[in-house]
Amino acid sequence: MLTKAEKTRKFIIERSAPIFNRKGYAATSMADILEATGLAKGGIYGNFNNKDEIALEAFEYSYTKLKEDLQFKIKQQKTTVDKLNSILDFYHNYSIKPHIDGGCPLMNTAIDADDNIPFLKKRAKEALEEMLGSLRKMIQYGVDFKEFRKDIDATREAELFFAKIEGGIMMAKLMDSPKTLNYILDEIKISINSWKRA
């Protein structure tokens, strides 16, 4: 059972996370957070020391939701090929129908933080390493259990897999059309089929 203070912190994060994900750290003001929560300044500062703390927890909230949504899709599949394809299906039309308001929190935070917001860049880097590590393990599992050819480099393919998806999302958002993203996702599926053992 959450305490009243814990419920308030959770409420603030849930209301703030979409704003940070849409607008970015610099463009999100305390006024935005006050408006979204309907709380007075004392209600915010009584639970958080500063905007940095809210931003970090807001990223954590959005990133955790992304992971949970992806894991739910992946766990429904049995083979490695089907698991990887479920990730690609998850991102179909993602630029216009994101599972999280504002789109991919990892990409948004990585671009937003860059070298200007070290604490967010550090956390985004850790999240990226976690994502890549999960993909690498999944692909390596396919190699180890003879779904994929033994010459497949799991680390390299995981990095390409992730980079193509994120690049596709970025292009689709800029062009206001999911066409390029969906084409890239289809191409990745073709690549996965080429990894299969003869």
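Located above this text is the structure these notes cover.
The rules behind these values
Residues numbered from 1 in each chain as written. Predicted model: local features only at pLDDT ≥ 70, side-chain atom pairs only at ≥ 80, totals over all residues. Heavy atoms only, no water. Helix = DSSP H or I, 4+ residues; strand = E, 2+ residues; numbered from the N terminus. Contact = heavy atoms within 4.5 Å. Core = buried A, V, L, I, M, F, W, Y, C linked by side-chain atoms within 4.5 Å. Buried < 20%, exposed > 50% of the residue type's maximum accessible area, 1.4 Å probe, protein only. Axes fitted to C-alpha atoms, helices over the stretch in contact; angles between N-to-C directions. Parallel < 35°, antiparallel > 145°, perpendicular 65-115°, else oblique. Left-handed = near helix turned anticlockwise from the far one by under 90°. Nonpolar A, V, L, I, M, F, W, Y, C, P; charged D, E, K, R; others polar. Polar contact = N/O pair within 3.5 Å; in protein donor to acceptor, adjacent residues only side chain to side chain.

(A) Quick look at the side chain of Asn 85. Looking at the secondary structure, you find Asn 85 in helix H5 (residues 80-90). Aside from chain neighbours lying at most four places away, what touches Asn 85 is Lys 189 and Ile 192.

(B) Geometry of the nonpolar core. Core analysis: the largest hydrophobic core is formed by 53 residues, its most contacted members being Leu 84, Ile 87 and Tyr 91. Broken down by secondary-structure element, the contributors of at least two residues to this core are helix H1 (4-23), helix H2 (30-37), helix H4 (51-75), H5, helix H6 (105-113), helix H7 (118-144), helix H8 (154-174) and helix H9 (179-195). Once residues within four sequence positions are removed from consideration, Tyr 91 is found in contact with Leu 66, Leu 70, Ile 165, Ile 169, Leu 181 and Leu 185.

(C) Highlighting the packing of H7 against H8. Following both chains from N to C, one finds H7 and H8 inclined at 125 degrees, their axes separated by 8 Å at the closest point. If you check the angle between H7 and H8, you find them oblique. Every pair of crossing elements has a handedness; the one defined by H7 and H8 is right-handed. Of the residues in H8, those in contact with Leu 128, Met 131, Leu 132, Leu 135, Arg 136, Ile 139 and Gln 140 of H7 are Ala 154, Thr 155, Glu 157, Ala 158, Glu 159, Phe 161 and Phe 162. Looking at the contact of H7 with H8 residue by residue, the classes come out as 9 nonpolar, 2 polar and 3 charged.

(D) The side chain of Thr 80, seen in detail. With respect to the helices and strands, the residue Thr 80 is situated in helix H5. Overall, the relative accessible area of 1% leaves Thr 80 in the buried class. A polar contact is formed between the side chain of Thr 80 and the side chain of Glu 147, at a distance of 2.8 Å. Apart from residues no more than four positions distant in its own chain, Thr 80 is found in contact with Met 138, Tyr 141, Gly 142, Glu 147 and Phe 148.

(E) Main features of the environment of Tyr 91. Considering the arrangement of structural elements, one finds Tyr 91 in the loop between H5 and H6. Residues Tyr 91 and Gly 168, spaced 77 residues apart in sequence, show a C-alpha to C-alpha distance of 9.6 Å.

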